[in-house]
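Summary of structural features
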Amino acid sequence: MTPPHTVPTAPLTVATVQATPTPGDVAGNAVTAADLVRRAGDQGARVAVLPELFLCAYHPPSLAADPVGTDVAADPAGAVADPRLDPLRAAAREAGVTALVGAAARHPDGRRTIAALVIDRTGAVRIGYDKQQLWGDERELFSAGDRGATLLVDDWRLGLGICYDGCFPEHGRAAALDGAHGYLCPSGYLAGSEHRRDLYYAARALDNTMFVVFANAVGGVDPWRFNGGAAIYDPQGQVLARGADDGTEVLVATLDPAVLAATRAAHSMLADRLPNQGGTRVSMSG
């Protein structure tokens, strides 16, 4: 089945960020995020992706101790009006950048989720996506999301995932079958996971012949020390930009629709996939 959407008409410049937030300090991390978004805009980016749970930091002890102070609250439509995010709103508006920033979100029904907030170019903030695949002890603090999401920027369709979502081929494939040209993944990979960090998202790019933008936290104190390596991949899983394993970086690359079209013409997995992978399987003795 061929995805239902055409290739974009113009390139899109994107940024991926690796940085170190302060556990529990939503206001301070929003100021840091605003600076990073401005840096991305100064380099020509129209979209910037920051790490998983960046606004509160991926630090379970802090998240468990202060669920009110570390969360941002959403209204029934998913809009977020938290004044601590005002510097980030201003940065997105002034830089003309759509930002995707990780946060702990509180929904009106009481659910707490690992969310990707979308701050659009007008400065409006809303929950764009809630992480569906929770990892390990995240299940003790958060509820899983129950739907996929695609962000529309100009005529680009960008599927949203968060960290562990990207370890599941079917998550990226669902985005591609919704017509995604790219896949944005705010993440939090711990030190020691470099092999998996660098393999999963390149594979999702090649599996689905789409660009992938992977953001990651960096630094921190064991056992919550993160390993950077933020990256942007082309539709064959080749690296367009990659950060080091430590240090703050804002990495920028331009997503070229001609590359997307050429890759999908040469590698037609999306068009050639079987609807049921052959029906009933046969087992045999060897």
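As recorded in an unreviewed UniProt entry, the protein goes by the name Carbon-nitrogen hydrolase family protein, listed as coming from Micromonospora zamorensis.

It is worth spelling out the overall build of the protein at this point. Of the regular secondary structure elements, the protein holds nine helices and 14 strands. Along the three orthogonal principal directions, the C-alpha set of the protein runs to about 55 × 45 × 40 Å. Contacts in the protein between residues at least 24 apart in sequence constitute 68% of all its contacts with a sequence separation of at least 6. Carbon and sulfur atoms form 54% of the exposed surface of the protein, whose accessible area is close to 11,800 Å². Taking the average place of the 24 positive charges on the side chains of the protein and the average place of its 32 negative ones, the gap between the two points comes to 3 Å.

All right, on to the UniProt feature "domain: CN hydrolase" (unreviewed entry) in the protein then. What UniProt calls "domain: CN hydrolase" (unreviewed entry) maps, in this numbering, to residues 12-257. With 27% helix and 33% strand, residues 12-257 has its two end C-alpha atoms placed 8 Å apart.

Quick look at the side chain of threonine 209 now. By the element assignment, threonine 209 lies in the loop between helix H7 (194-208) and strand S10 (211-221). Residue class for threonine 209 comes out buried when judged on its relative accessible area of 2%. Ignoring anything within four residues of it in the chain, the contact list for threonine 209 reads Pro235, Leu260, Thr263, Arg264, His267, Met269 and Leu270.

This model, assessed by the stated rule, comprises eight aromatic pairs. Taken together, Tyr189, Tyr200, Tyr201 and Phe214 form an aromatic cluster joined through their ring pairs.

Let us look at the nonpolar core. In this structure, Leu50, Leu55, Leu85, Leu117 and Leu184 are the most contacted members of the largest nonpolar core, which totals 87 residues. Of the residues forming this core, the biggest block, seven residues, is contributed by helix H1 (residues 26-42).

Applying the stated criterion across every chain, the model contains 16 salt bridges. Here aspartate 82 and arginine 84 are joined by a salt bridge, their closest N and O atoms 2.6 Å apart. Residue arginine 84 is classed as partly exposed on the basis of its relative accessible area, which comes to 25%. Among the salt bridges present, the one from glutamate 138 reaches lysine 131, with a minimum N-O distance of 3.0 Å. If you follow the salt bridges from partner to partner, you end up with Arg197, Asp198, Arg242 and Asp245 in one network.

Let us look at the side chain of threonine 263. Mapped onto the fold, threonine 263 is located in helix H8 (residues 257-266). A relative accessible area of 5% places threonine 263 in the buried class. Residues within four places of threonine 263 in sequence aside, it is in contact with Thr209, Pro235 and Gln236.

Bringing the pairing of strand S9 (residues 182-187) into the picture now. Counting buried residues in S9 gives six out of six residues, a clear majority hidden from the surface. Neither face of S9 is left uncovered, since the one carrying Gly182, Leu184 and Pro186 and the one carrying Tyr183, Cys185 and Ser187 both have all their residues buried. The β-α-β motif built from strand S8 (residues 156-160), the intervening helix H6 (residues 169-177) and the parallel element S9 has right-handed crossover chirality. Alignment of S9 against S10, held across six bridges, turns out to be parallel. Bridge assignment links tyrosine 183 to a residue of S10, and that residue is valine 212.

If you walk through the whole model with that rule in mind, you get zero disulfides. Just so you know, cysteine 56 is unpaired, no disulfide at all, and the nearest cysteine sulfur is the one on cysteine 163, 13 Å from it. Using a relative accessible area of 1% as the deciding quantity, one classes cysteine 56 as buried. Cysteine cysteine 185 shares no disulfide, and the gap to the nearest cysteine sulfur, in cysteine 163, comes to 8.7 Å. Of the residues examined, cysteine 185 reaches a relative accessible area of 0% and is grouped as buried.

Reading guide: rules and limits
Residues numbered from 1 in each chain as written. Predicted model: local features only at pLDDT ≥ 70, side-chain atom pairs only at ≥ 80, totals over all residues. Heavy atoms only, no water. Helix = DSSP H or I, 4+ residues; strand = E, 2+ residues; numbered from the N terminus. Contact = heavy atoms within 4.5 Å. Areas by Shrake-Rupley, 256 points an atom, 1.4 Å probe, with all protein chains shown as cover. Lys, Arg positive; Asp, Glu negative; His and termini not counted. Charge placed at Lys NZ, Arg CZ, Asp CG, Glu CD. UniProt positions renumbered as here; feature names shortened; annotations may be inferred. Buried < 20%, exposed > 50% of the residue type's maximum accessible area, 1.4 Å probe, protein only. Phe/Tyr/Trp six-rings, centres within 6.5 Å; stacked < 30°, edge-to-face > 60°. Core = buried A, V, L, I, M, F, W, Y, C linked by side-chain atoms within 4.5 Å. Salt bridge = Lys/Arg side-chain N within 4 Å of Asp/Glu carboxyl O. Right-handed = clockwise from strand over helix to strand, strands pointing away. Pairing = 2+ DSSP bridges. Disulfide = S-S within 2.5 Å.

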